[in-house]
Amino acid sequence: MIIKTITVLLLAQNSSLAKRIRTSLYYSQLRVFKVVYAKEQTKALELINSSSIDVVLLDLSVANAKSAEFVNRLRHNSPKTIIMLLCNANDNAIVSQAMAQGAHGFIDKHSLGQHWLMRLLGFSLLQTQPLKLQKRSIKTLHAICDSSLLGIMATDWFGNIIYTNQAFNTITAYSAATPQGCHWMAQIYDDDKNRLLTDLQAAQKNNTIVCSDVCIIYQSKQLCQVRVTATPIAKNKKSYGYIITLEKLSKRDNKAKLTAAVTKTRRDLLPATTAQLTLDAMSDAILSTDINDKVLYLNQAASILTGWDCSEAVGLLLCDIFKIKESASAVIAKSTLAQSQREQRPFDCILVRKDGVEIQIEESARTIFNELGETIGVVFIFRDISQSQLKAIKMKYLAQHDPLTGLPNRLLFQERLNQALVLAKRHNKRLAVLYLDIDLFKKVNDLHGHELGDKLLCSIANRMTDAVRQSDTVCRQGGDEFLILLSEIEHADDAATFTSKLLHTLINPHQLNGKKISVHMSIGIRIFHHDIEAPQQASEGKLSDVLIDNADKAMYQAKSRGHDGYQIFKQA
């Protein structure tokens, strides 16, 4: 397989920035980038004139106020070269001037990472090609496929592999020549093969896309889980083969096999090239418009997310098809070509589907130029991130809360205690940490079972939560132990008064499963005032840990004297 080398001219004076970019390009999975480096404008122009440069990465701090003039010279000397600006957050004016002179895009230097650098370069190179994909040569198609981090392969009707991109060979650990002529399912794990065959037979019958998570076998006999998407290459309802993509799943996803099928029937394919079919097989949604903001194309993923079929959407205005807003309460923003030229960096927003359903997406837009450098439209790339955001919120909640009672755990309690210490010092107030233990809780489990024991813990947690203020925190320390933070109390006696009332509330019988369950409690109290005790605590380690440990010791003193009592910790 021939892989075209993309020559990138990096113009920057900051050696750290230059090293970061060169490292990102060098260690990319694609390994198709050649970087030439210049620190001065004169040297950069010499390289432009003497070499074939595909992309210029221009650090605006090199040219400063004359950046727009320098961009104009670059465009004049090499009209087909992509010019990307590396800017700071306060470079808006210079960026606008440089974009007006023909720069193709920009990215914040401080948020520059390998993922977005690869994606930005890929979009920038795509935008200079003509919009009519059927005129692309096979060589160009291969270059596009090899720029993808998804593994891509094409098969004939019998399932024999006729093409693989570089990412496919990396994922499967094969050399470039090895898979050619082999059946594409040869590496699928036997337990997954029958299920995948059934899905493919149904897809052939209904002309649908197959999406499934399966295991593949490396040459070293190790297993790796991947997400397979198979799209028929069809014309007039007759299939000639498949475009298949592989996406390597993360270790977290590997723990459980997830199966997802895209059930929407694909439209009958018009005479189309392999390039168009490749776009239809991509998991990212792609939508393109002409210079008048009229929709020209939606790939399969874009049709699913927007609710619009490509045949319905073509010719309609972008604002009628691609309705987005910045937040759930915001009004729908009008998507236009002019707006896409201003907002080229990826950002999160809300997509309003055809049926009115709102989806959280990540969206970016790129201007499309023809071979003469003239603007002919825009391409939008977007993906559904709602599930990943919900999963992240859920994971954060589980990391900070007890799964049984829903109370904050020790980690969140310490975070709030540290905040309370800062506020107590600022407002010259006291705070108190209470350490609570259920006496003889094991007997409850032994007599009534663990299910009722869990219900008792929840009942105690609810009573404690009802007893405290909104500014206070109740935490399940673990087992039958709890912590309470009383923030910003006026007098030391306030903690003792509260604890006495709380004890009376907790030892009242709990009505559970038709039974009255009585409990006994022991409570330790640590009262803290910053002005009095901070100097003494300086050498005792982390203050929050010290306060909790002091309350724990006081609790054991209370327990040693009998049930249903409390003890205030006193410094030795």
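Each remark here, short or long, concerns the structure printed above.
Residues numbered from 1 in each chain as written. Predicted model: local features only at pLDDT ≥ 70, side-chain atom pairs only at ≥ 80, totals over all residues. Heavy atoms only, no water.

Some thoughts on unusual backbone geometry
The line we're drawing: Relative accessibility under 20% of the residue-type maximum defines a buried residue, over 50% an exposed one, and the middle range a partly exposed one, all with a 1.4 Å probe and only protein chains included. Secondary structure elements are taken from DSSP: a helix is a run of H or I of four residues or more, a strand is a run of E of two residues or more, and numbering for both begins at the N terminus.
Although it is not a glycine, Leu440 adopts a positive phi angle of roughly 60°. Classification of Leu440 by relative accessible area gives partly exposed; the value is 47%. For Asp564, which is not glycine, the phi dihedral falls at a positive 60°. Within the fold, Asp564 resides in the loop between α22 (543-560) and β23 (565-568). By relative accessible area, which is 28% here, Asp564 ends up partly exposed.

Focus on the sheet that holds strand β17 (residues 430-439)
As a general point, the strands of a sheet are linked pairwise by backbone hydrogen bonds and lie either parallel or antiparallel. Going by this rule: At least two DSSP bridges between two strands are required for those strands to pair. The axes used here are C-alpha line fits, helices contributing only the stretch in contact, and every angle between their N-to-C directions lies in the interval 0 to 180 degrees. Whether two residues touch is decided by their heavy atoms; if any such pair falls within 4.5 Å, the residues are in contact.
The strand order β18-β19-β17-β22-β23 describes an open sheet built from five strands, whose pairing is mixed. Of all the strands in the sheet, just β18 (473-478) and β23 have a single pairing partner and so form its edges. Strand-to-strand twist of the sheet, defined as the mean angle between neighbouring strand axes without regard to direction, takes the value 20°. Pairing of β18 with strand β19 (residues 481-489) involves five bridges; the strand directions are antiparallel. Bridge pairing in β19 places Val474 opposite Ile484. Packed on one face of the sheet, helix α20 (residues 492-507) meets β17, β19, β22 (520-529) and β23 and runs near 165° to β22.

Observations regarding the pattern of salt bridges
Oppositely charged side chains may form a pair once their charged atoms are brought near each other. Definition in use: For this analysis, a salt bridge means a side-chain nitrogen from Lys or Arg found within 4 Å of a carboxyl oxygen belonging to Asp or Glu.
Counting across every chain of the model gives 14 salt bridges. Glu490 is paired through a salt bridge with Lys429; the nearest N and O atoms lie 3.3 Å apart. Here Glu490 is found in the loop between β19 and α20, whereas its partner Lys429 is found in the loop between α17 (410-427) and β17, with 61 residues between them in sequence. The shortest N-O distance in the salt bridge between Asp439 and Lys559 comes to 2.4 Å. One end of the pair, Asp439, is in strand β17; the other, Lys559, is in helix α22, and 120 residues separate them in sequence.

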